[in-house]
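Each chain, letter by letter, is given below.
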Amino acid sequence: MSISLSSLILLPVWISMAQIQQGGPDEKEKTTALKDLLSRIDLDELMKKDEPPLDFPDTLEGFEYAFNEKGQLRHIKTGEPFVFNYREDLHRWNQKRYEALGEIITKYVYELLEKDCNLKKISIPVDATESEPKSFIFMSEDALTNPQKLMVLIHGSGVVRAGQWARRLIINEDLDSGTQIPFIKRAMDEGYGVIVLNPNENYIEVEKPKIHVPSSSDSSDEPAEKRERKDKVSKETKKRRDFYEKYRNPQREKEMMQLYIRENGSPEEHAVYVWDHFIAQSAAENVFFVAHSYGGLAFVELMIQREADVKSKVTAVALTDSVHNVWHQEAGKTIREWMRENCCNWVSSSEPLDTSVESMLPDCPRVSAGSKV
């Protein structure tokens, strides 16, 4: 007879076992009963979760979705929008599926930047060795040589990558709403060079190396009987540890570690790096920034670190729902004055577009974006 997971709350049983084993002879009967109960647990049956394998397609076609002529993500058979709750009562699995689709969409947007917008993918750090972690940005052919004007785009925090404003909008609305592509195309049509930053690509993930722990039997100085006792305890401990690990991580997901990208380990570092190695070297007489959410904070940090250089090249900055804070970031008086003259922050609001919105901070004007989204 085997016992399913639903009939046993595992942790209290193990706790009870430990408590009983610490008791006197009177507890022997309870101990024996519990040991008998645990001996009848079928581990494989116990670990058969309702959750399906976390094995998802690696293409849009595999997910049976495609973007239509309006840039909307639709099921290729039903024509329906994306459904998050694909399997009822399996939130973790649905979330993992959503994240897997998001990774495919990120690559899809990268392809659009290169094919539809004719941008070049530029690897950073510029002097990276072959073996070290790398990131990249996108630039138009004339980004560094256009003598007149350059547009720089910075997205916000989270899962978004170069070319995106919001993954949620890409999936649930359309490409025009959620990507930077309309901004890029209009800028290029109006004669701007373009640089697209990638501030969230700060590290690569690799699988954690397995650490070998020598067994106690490696010590040949100990008497054989003592070694056998230690080995038995060690095996029991390992068995319990493996059991709990299997319970915690039933699908044996890989344990990952992060290797940070040199001089690009945060959005703030990334903005300064791209400024030093690209924007500051550009021929453009006028540089314009469009920065969303955390991208606004990254721009303010850039100003703090490169104030004179930024003032000499940047003409205007359009912020959207920026989360910068001139007090917390300790932006000086001269920076705050410059921002009042050269920046504008469009914020979510039900007021008509460009209606002035009161601000508690003494930096740039805030106006309505004409939408609560």
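Criteria and cut-off values
Residues numbered from 1 in each chain as written. Predicted model: local features only at pLDDT ≥ 70, side-chain atom pairs only at ≥ 80, totals over all residues. Heavy atoms only, no water. Helix = DSSP H or I, 4+ residues; strand = E, 2+ residues; numbered from the N terminus. Buried < 20%, exposed > 50% of the residue type's maximum accessible area, 1.4 Å probe, protein only. Axes fitted to C-alpha atoms, helices over the stretch in contact; angles between N-to-C directions. Parallel < 35°, antiparallel > 145°, perpendicular 65-115°, else oblique. Left-handed = near helix turned anticlockwise from the far one by under 90°. Contact = heavy atoms within 4.5 Å. Nonpolar A, V, L, I, M, F, W, Y, C, P; charged D, E, K, R; others polar. Salt bridge = Lys/Arg side-chain N within 4 Å of Asp/Glu carboxyl O.

A.B. asks: Help me out: how do you make sense of unusual backbone geometry in this one?
C.D. replies: If a residue is not glycine, its phi is most likely negative; likewise, a peptide bond is most likely trans. Cis rather than trans, the peptide bond between Ile124 and Pro125 has omega equal to 0°. Residue placement: Pro125 occurs in the loop between strand 3 (120-124) and strand 4 (135-139). In this structure, Glu263 is a non-glycine residue whose phi angle is positive, near 65°. Looking at the element boundaries, Glu263 is found in the loop between strand 8 (256-260) and helix 10 (267-277). Phi is positive for Ser293, close to 50°, though the residue is something other than glycine. You can see Ser293 is positioned in the loop between strand 9 (286-292) and helix 11 (294-305). On the basis of relative accessible area, Ser293 is assigned to the buried category, the value being 18%.

A.B. asks: Would you take a moment to explain the packing of helix 10 against helix 11 for this structure?
C.D. replies: Packed helices, taken two at a time, are described by their axes: the angle between them and the distance between them. Running from N to C, helix 10 and helix 11 cross one another at 55°; their axes reach a closest spacing of 8 Å. If you check the angle between helix 10 and helix 11, you find them oblique. When you trace helix 10 past helix 11, the crossing you get is right-handed. On helix 11, the residues touching Pro267, Glu268, Ala271, Val272 and Trp275 of helix 10 are Tyr294, Leu297, Ala298, Glu301, Leu302 and Gln305. Its residues assigned to classes, the contact of helix 10 with helix 11 shows eight nonpolar, one polar and two charged.

A.B. asks: Explain the pattern of salt bridges here, please?
C.D. replies: Opposite charge on two side chains allows them to pair when their charged atoms are near. Under the criterion given, the structure shown has ten salt bridges. The partner of Lys120 in a salt bridge is Glu141, and the shortest N-O contact between them spans 3.9 Å. Here Lys120 is found in strand 3, whereas its partner Glu141 is found in the loop between strand 4 and strand 5 (149-154), with 21 residues between them in sequence. A relative accessible area of 32% means that Lys120 is categorised as partly exposed. Given the relative accessible area of 59%, Glu141 is considered exposed. With its nearest N and O atoms 3.1 Å apart, the salt bridge here joins Arg262 to Asp127. One end of the pair, Arg262, is in the loop between strand 8 and helix 10; the other, Asp127, is in the loop between strand 3 and strand 4, and 135 residues separate them in sequence.

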